[in-house]
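# Structure assessment
As a plain string of letters, each chain reads:
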Amino acid sequence: MLSKTPPMGFNTWNTFGRNINEQVIKETADAMVEKGLLDAGYEYLVIDDCWSERERDPETGKIVPDKIKFPNGMKAVSDYVHSKGLKFGMYSCAGTRTCDNYPGSYDHEFLDAQTFAEYGADFLKYDFCFKPVSADGPNLYRRMGMALKACGREILFSACNWGNDDVSKWIRSAGAHMYRSTGDINDSFASMRDISMSQIDNLAYSAPGCFNDIDMLTIGMYGKGNVGSTGCNDTEYKTQFAIWCMFSAPLMLGGDIRTLSDDMLALVKNKNLIRINQDEEGRPAFLANGANSKCKAFAKLLSNNEVAIMFVNIGEDDDSCNFYFEDIGITASSGFGLELTDAFTNESIGVKKEFMRFPVKAHDCAVFIGKLAK
Ligand code: GAL
C-alpha cells in the first residue's frame, strides 16, 4: 500500500519554479542523501511544473521533456534519482494546459500515465489549471486515478485541486494518496498560518492511504526562491514544521536542499516530530482548546498509548495556551495525566494532569509527547 504514512520528500516548485534542469535535480538528489534527509524519511524527489516542451510530439502525441533542460531525457534523470535510493516524482495537470502553460493531461490521461511509467516515475502531482468548463472536476481525478492503475507501475497519486469541489469528501474514492486542500503557500507566517488553520475541520479526512496536503514546506527559504513573500524567521519555520507534523500532512520540503542551514536541517530531521507525523495509526489531531483564541492547544493520539500535544501561538503577542485534560478525554477523577517530554529538547517536564497552561511567544509553539501516567 502506498501512503501508509504521510509521504515525505522534496518538490522543486517553491525554490526553482521554471528554473529546473538535469543538473539541479542531480545536485538535489546528491544533497538529499549526503545531508541525511533520505535516512530521515524524505524519499521522493518531485519535479514540478515547467519540465516539458511547450507542445506534445505531433507524431506520438506524447509530452516530451524540454530538450535544453533535460538533454538526456527523463528516464536518465529518473535512473540517477533511483541510483541514489530515492524515488522519482513527475507533475502534470488535469486541464488542457499546466498552470505555467505547458501541455496538460486532459483527454490524454492514459497515454501520459504510460509515459510517466516509462520514465520510471513513482509519484505524480496532478494540478487543476485550464480545466475545460464543461468537464467535471472530480471525474478528471478519477480518470487519472484509473490511468495510473492501468500504467503497470505503482505511482503515488498526489492530487492538487486546491480544495475545490469539496475535495476532502471524494478524493480518496478517486484513488489519490494525498490531496492539496488549499491554495498555494508563500513564504510568510501569515500564509502558512491561514493555510494550516483552514484545515482544522478537515483533519479527519486524512488517514493511511490518503493524506490532506497543506502544501510544500517553505522551511529555510527566508524569502528567496519562486514563491515569494517576506520569508519567515527560524521560530516561524519551527512552528511550520510542528503544525505539519501534528496535522499528519505530507512533508514535502520546498527549500533548496543544497544550501539548507544546519539548524533547518536539524529541524526537519527532528525524530520526535517525524515520529508524530509518521505515526502508523495516522489519527487526526484535534483542537483541545483555543477555538476562539490565538493560543491553541492540539492533541493527537499516537500508537503505543501515547498522546502528542502542541501549543501554538498564531497571534502577534506573547501569550499562554492552555487546555483541560478532561477535554482530551483524561478525566480528573481517573487520576491519570500525561508524563510529558518536550519534542524539541527531549527533556521531561514530569506528569501534568487536570489543567495545563504553557507560555508561548508570538508565532512560537511547544510540542510534547505524553505517556499516560498517574
Ligand atoms: C499550482 C500548484 C503549485 C505548483 C504550480 C505550478 O497550481 O498549486 O503547487 O504546482 O501550480 O505551476
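About the thresholds
Residues numbered from 1 in each chain as written. Predicted model: local features only at pLDDT ≥ 70, side-chain atom pairs only at ≥ 80, totals over all residues. Heavy atoms only, no water. Patch = residues over 30% accessible without salt bridge, like charges linked within 9 Å, V, L, I, M, F, W, Y side chains within 5 Å. Areas by Shrake-Rupley, 256 points an atom, 1.4 Å probe, with all protein chains shown as cover. Salt bridge = Lys/Arg side-chain N within 4 Å of Asp/Glu carboxyl O. Lys, Arg positive; Asp, Glu negative; His and termini not counted. Charge placed at Lys NZ, Arg CZ, Asp CG, Glu CD. Helix = DSSP H or I, 4+ residues; strand = E, 2+ residues; numbered from the N terminus. Buried < 20%, exposed > 50% of the residue type's maximum accessible area, 1.4 Å probe, protein only. Disulfide = S-S within 2.5 Å. Core = buried A, V, L, I, M, F, W, Y, C linked by side-chain atoms within 4.5 Å. Contact = heavy atoms within 4.5 Å. Pairing = 2+ DSSP bridges. Axes fitted to C-alpha atoms, helices over the stretch in contact; angles between N-to-C directions.

Here the focus is a negative patch on the surface. Residues E316, D317, D318 and D319 make up a contiguous surface patch of negative charge. Position of D319 among the secondary structure elements: in strand β12 (residues 319-324). Note on D319: relative accessible area 38%, which makes it partly exposed.

Applying the stated criterion across every chain, the model contains two disulfides. At a sulfur-sulfur separation of 2.1 Å, the disulfide partner of C99 is C129. Judged by the sign of its S-S torsion, about 100 degrees, the cystine formed by C99 and C129 is right-handed. A residue pair is termed long-range when its members are at least 10 positions apart, and C99 in the loop between β3 (87-93) and α5 (109-119) and C129 in the loop between β4 (123-127) and α6 (137-150) qualify at 30 residues. Two residues share a disulfide in this structure: C295 and C321, whose sulfurs sit 2.1 Å from each other. Because the torsion about its S-S bond is -75 degrees, the bridge between C295 and C321 counts as left-handed. Here the residue C295 occupies a position in strand β10 (residues 295-301), and C321 occupies one in strand β12, the gap between them amounting to 26 residues. With a relative accessible area of 3%, C295 lands in the buried category. Numbered in order of appearance, the disulfide-bonded cysteines of the chain are paired 1-2, 3-4.

Counting 104 residues, the largest nonpolar core has Y42, W51, Y141, I171, F241 and F247 as its most contacted members. When residues in this core are grouped by element, the largest group, seven residues, is from helix α8 (residues 234-246). Leave out the neighbours within four places in its chain, and W51 touches I20, I63, V64, P65, D66, F70, M74, M90, Y91, F116 and Y119. Counting 18 residues, the second largest nonpolar core, distinct from the first, contains F311, F323, I330 and M356.

What follows covers the sheet that holds strand β16 (residues 365-373). Strand order in this open sheet of six strands is β9-β10-β11-β16-β13-β14, and the pairing throughout is antiparallel. The sheet is open, and its two edges are formed by β9 (286-289) and β14 (348-352), each paired on a single side. Pairwise comparison of adjacent strand axes, ignoring direction, gives a mean angle of 30 degrees for this sheet. By the bridge criterion, four bridges tie strand β13 (residues 337-342) to β14 in an arrangement that is antiparallel. The partner of T341 across the bridge, within β14, is S348. Contacting β10, β11 (306-313) and β16, α8 crosses the sheet at an angle of about 140 degrees to β11.

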